[in-house]
Structures are given as structure tokens and as C-alpha cells.
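Tertiary structure, described
Residue-level listing of the chains:
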Amino acid sequence: MPTGVVDVHTHVVPKGWPDLGAACGGSGWPWLRVDSERAAMIMVGETEFRPVGAECWDASRRLADMDADGVDVQVVSPTPVFFSYDRPVDQAVKVARIFNDLTLEVTAAGGDRLVPFCQVPLQDPDAACAELDRSLAAGHVGVEIGNHVGDRDLDDAGVVTFLQHCAEVGAPVFVHPWDMPGGPRLDRWMARWLTGMPAETHLSVLAMILGGVFDRVPETLRICFAHGGGSFPFWLGRADNAWHRRGDLVRGASAGPPSSYVDRFSVDSVVFAAPALRLLVDTMGEDRVLVGSDYPYPLGERPAGAVVRAADFLTDAQRDKVLATNALRFLGRSDTT
């Protein structure tokens, strides 16, 4: 496997999925309005959700962009709108199987340069574990999950059961925010993406820490949070202060303050500015930051790792870690370095 730059945060939208109502039951499913050979629109009911292009489903286009951007390997994960955590379990299992199998068709054309991550019906731990096992056997390398299931956060007992299973089978976990709250103050300027996503990721990291998840799951769990861990790294000092000064309300089930857990998870690097990246490396440590781009969506970084490559405060050894070595360890492939 090439090891120059590994991008752990990219997404896929297969082009040829079936009518999900007919295949899975229920109604109101996403569907793809194909506008041309190379352009389409993800629809939810009759509402336009997101325009997408051929780079979402065409491996040759994706590989050409990777070559242009100097990226050797991409982790290819689902687009969260398809998670279906609010669906009955049988429907969520069916849609996960459909998209997981289609994702393998997309990534197969990229050989070992495209690393597929599956989705699971996270609302049911048994079904989630079963679909993860099926997907790993079929060729997936890891799993992407959303940061919550309705009102259940990542310290929910069922989610913890799934994370323990991931640790047992050696599957890396990528956590992506989704289903952000809306409302008049958030439904303009893409505020749900600009403020809601960082806040959602921050909350899910806190849930794993203060909910005692890292005290219950094995240290072998490899888990990475998108978007630089959201606002968590900036406010880690505030969380520690609250843990010490208002432990009666804040400590929850955690054995130590939040800062004592930063070596238990990783974050991606897609923070877009050198000062933010410096804070991220200073807070998380040089071994816990991995290049991510959010390719191919417009709020992502192009080329992937541009801020990392230009960061004059990183040593060559630190830069190599962030660009590839840390990601290979996250993927369980550090023996190839």
C-alpha cells in the first residue's frame, strides 16, 4: 500500500441504489434524482438535500482527484443521510446491506487505495454487530457511525456494546456528526453545519468521557472523531475545570478528568487554518491527529492535508505522522510502515 498521504474522512454516494421503499419497506426514503451523466441530487421526499457529482460514485474520477491532490489512500465512508437510525430495525438492516454492498463495488475499482467503511443499524446492538461482521467478511475495513441515535448518545448501553464488539474484532470506528437540531436561528447560513456539527461532535466526545465509555471499553478500541473533534479541543480546559470544581454534576461515570482521556481517541485534521491545527496537535498530541478532508463535499479541504503540509510548526517527523503514519495505525496497518 502507498503510504504518503492517507485521508480518513471521505464519503461515497453509490449511483444505482434501488427504490428503498420497495426494497426495505416504509416511505420517505432518500432517492437520487439523476440530472446528467455526471450530476445528481440527493432527494428526501420532494426536498433537495444535496447536489452530488460523479466523484461520489465513479472510482476513476475519485482516483484522478486523489492523484491531483497528492493523496495515496482514502477511507471511503457512507454519507450520513443514509444511516436510518430512526427506522424500524428490519428496514435499517436492509438499507445498510444495500449501501454497504454498493460501496464495495465503488471501492473495488480503486484497489487498496480506496478503503471501505460500512454503516450499521446502530439503534439495535445485535443487528449492528451482525452487519459489521457481515461487512468485514465481505471486504469492509471499518465502520462509520453517527454521533447519536435519537436522544441516546455514545454512552448508551447498546452503543457501548457495539463499540466493545468493534474492539474485539479490530474494526476501526469513524464518528461523524449528523441529524443536527434545526430552527429559525440555525436554518440560515448553513449554521447547522457551521455551528451544529462542531457542537454535536464535542458533545459526543464528552459523552464517551463523562459517561465512562473509555473506562468500560478496551484500550484496543480505535476510534476517530470527524472535523477535528469539533469544539472539544478548544474547550478541553473548560471541561477539566468543571470536572474538578463541579464534580457533583460533571464527573458522571468518568474515573479521571477529560484531559486524561485524550490518548484514547483520534481526530481528523479538517480544521482549515494553521492556528486551529496547532491547537489540535498541542491538545491531542502528534499521534492522535489524522488527515481528513470531507471529500468530495464543498465544505471539505482541497487538496487534502494542505494545512498540514504547509504548517511550519510541525517537524518533518510530526508531519509524516499526521499525513499517514497515524492513519495507518488507526486502520490496523501500522506494520506496513
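About the cut-offs
Residues numbered from 1 in each chain as written. Predicted model: local features only at pLDDT ≥ 70, side-chain atom pairs only at ≥ 80, totals over all residues. Heavy atoms only, no water. UniProt positions renumbered as here; feature names shortened; annotations may be inferred. Pairing = 2+ DSSP bridges. Helix = DSSP H or I, 4+ residues; strand = E, 2+ residues; numbered from the N terminus. Axes fitted to C-alpha atoms, helices over the stretch in contact; angles between N-to-C directions. Phe/Tyr/Trp six-rings, centres within 6.5 Å; stacked < 30°, edge-to-face > 60°. Buried < 20%, exposed > 50% of the residue type's maximum accessible area, 1.4 Å probe, protein only. Lys NZ or Arg CZ within 6 Å of the ring centre and 35° of its normal. Core = buried A, V, L, I, M, F, W, Y, C linked by side-chain atoms within 4.5 Å. Contact = heavy atoms within 4.5 Å. Parallel < 35°, antiparallel > 145°, perpendicular 65-115°, else oblique. Left-handed = near helix turned anticlockwise from the far one by under 90°. Nonpolar A, V, L, I, M, F, W, Y, C, P; charged D, E, K, R; others polar.

Looking at an unreviewed UniProt entry, one finds the protein chain named 2-amino-3-carboxymuconate-6-semialdehyde decarboxylase and attributed to Micromonospora luteifusca. The record in UniProt for the protein chain states the following under Subunit (unreviewed entry): "Monomer." Per UniProt, the protein chain has the following entry under Sequence similarities (unreviewed entry): "Belongs to the metallo-dependent hydrolases superfamily. ACMSD family."

On to the sheet that holds strand β2 (residues 30-36), then. Ordered in space as β2-β3-β4, the three strands form an open sheet in which the pairing is antiparallel. The sheet terminates laterally at β2 and β4 (47-53), the two strands that pair on one side only. Averaged over all pairs of adjacent strands, the angle between strand axes in this sheet comes to 25°, irrespective of strand direction. By the bridge criterion, six bridges tie strand β3 (residues 39-44) to β4 in an arrangement that is antiparallel. Directly across from Val-44, in β4, lies its bridge partner Thr-47.

Before going further, it helps to examine the packing of aromatic side chains. For the structure on display, the rule yields 12 aromatic pairs. Taking the centre distance of 4.4 Å and the plane angle of 25° together, the rings of Phe-82 and Phe-99 count as stacked. You can see Phe-82 sitting in the loop between β5 (73-78) and α3 (89-108) and its partner Phe-99 sitting in helix α3, a full 17 residues away along the chain. On the basis of relative accessible area, Phe-82 is assigned to the buried category, the value being 2%. Aromatic side chains Phe-83 and Trp-178 sit 5.5 Å apart centroid to centroid with 80° between the ring planes, which places their arrangement in the edge-to-face category. One end of the pair, Phe-83, is in the loop between β5 and α3; the other, Trp-178, is in the loop between β8 (173-176) and α6 (191-210), and 95 residues separate them in sequence. Just as Phe-83 is buried, Trp-178 falls in that class too. Through a chain of ring-to-ring contacts, the aromatic side chains of Phe-214, Phe-225, Phe-232, Tyr-261 and Phe-265 assemble into a single cluster. Just above the ring of Trp-243 sits the side chain of Arg-251; from NZ or CZ to the centre is 4.0 Å.

On to the UniProt feature "domain: Amidohydrolase-related" (unreviewed entry) in the protein chain. The UniProt record annotates "domain: Amidohydrolase-related" (unreviewed entry) at residues 6-333. The distance from the first to the last C-alpha atom of residues 6-333 is 12 Å, and the span holds 40% helix and 17% strand.

Now for the nonpolar core. In this structure, Ile-145, Phe-162, Leu-163, Ile-223 and Phe-265 are the most contacted members of the largest nonpolar core, which totals 64 residues. A total of six residues in this core trace back to one element, the largest contributor, which is helix α5 (residues 157-169). Aside from chain neighbours lying at most four places away, what touches Leu-163 is Ile-145, Leu-154, Val-173, Met-208, Val-213, Val-217, Leu-221 and Ile-223. In this structure, Leu-32, Ala-40, Phe-82 and Phe-99 belong to the second largest nonpolar core, which totals 18 residues.

Once that is clear, we can look at the packing of α3 against helix α4 (residues 125-138). Across the interface, α3 lies against α4 with an axial gap of 11 Å and an inter-helix angle of 15°. Here α3 lies roughly parallel to α4, going by the angle between them. Taken as a pair, α3 and α4 cross one another with a handedness that is right-handed. Residues Val-89, Val-93, Ala-96, Arg-97, Asn-100, Asp-101 and Leu-104 of α3 touch α4, and the partners they reach there are Ala-127, Glu-131, Arg-134, Ser-135 and Ala-138. Each residue belonging to the contact of α3 with α4 can be placed in one class, and the counts come to six nonpolar, two polar and four charged.

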